[in-house]
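Each chain is listed here by its residues.
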Amino acid sequence: KEIGRNPLPGNTGNLFAYKNKLYITDAPTNRVWVFDENGKVTERIETETTSNSFAQPRGIALDSEGRIYIMNENRVSVYRVL
């Protein structure tokens, strides 16, 4: 079922669905976008861009306790608990 147009054209990030929300990694902007079931942005998770911090998210997962795991090419970080 199509739910709408790609909200981030040209993005090659990953996505994860959790509790009627869609989480999409966006490496070029160092963000994870959160969309509701209608395709509207409900939240934007921004990551740090300094050399020693998390940048360019490439993967995402959520566990049963609501922890967000965000991955880039160097590490996996637990971002927060929903």
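In case you missed it, the structure is sitting above this.
Reading the values: rules and limits
Residues numbered from 1 in each chain as written. Predicted model: local features only at pLDDT ≥ 70, side-chain atom pairs only at ≥ 80, totals over all residues. Heavy atoms only, no water. Salt bridge = Lys/Arg side-chain N within 4 Å of Asp/Glu carboxyl O. Buried < 20%, exposed > 50% of the residue type's maximum accessible area, 1.4 Å probe, protein only. Helix = DSSP H or I, 4+ residues; strand = E, 2+ residues; numbered from the N terminus. Pairing = 2+ DSSP bridges.

Working definition: two side chains of opposite charge can pair if their charged atoms are close together. Counting across every chain of the model gives 2 salt bridges. Between Arg67 and Asp63 there is a salt bridge, with its nearest N and O atoms 2.8 Å apart. Note on Arg67: relative accessible area 27%, which makes it partly exposed. Among the ionic pairs, Glu65 bridges to Arg67, the shortest N-O distance being 3.1 Å. Three or more residues are tied together by salt bridges with common partners; here these are Asp63, Glu65 and Arg67.

Side chains on a regular strand alternate between the two faces of the sheet. Most of strand S2 (residues 21-26) sits inside the fold, with 5 of its 6 residues counted as buried. As defined by bridge partners, strand S1 (residues 15-18) adjoins S2 across 4 bridges and the pair is classed as antiparallel. When the bridges of S2 are listed, Leu15 appears paired with Ile24. Joining the antiparallel neighbours S1 and S2 is a turn of 2 residues, in which Lys19 adopts a positive phi near 50 degrees. In terms of strand pairing, S2 meets strand S3 (residues 31-35) through 5 bridges, oriented antiparallel. Each bridged residue has a counterpart across the sheet, and for Ile24 the counterpart in S3 is Trp33. Taking the residues that link successive antiparallel strands as the turn, the S2-S3 hairpin has 4 residues, and the phi of Asn30 there is positive, at about 55 degrees.

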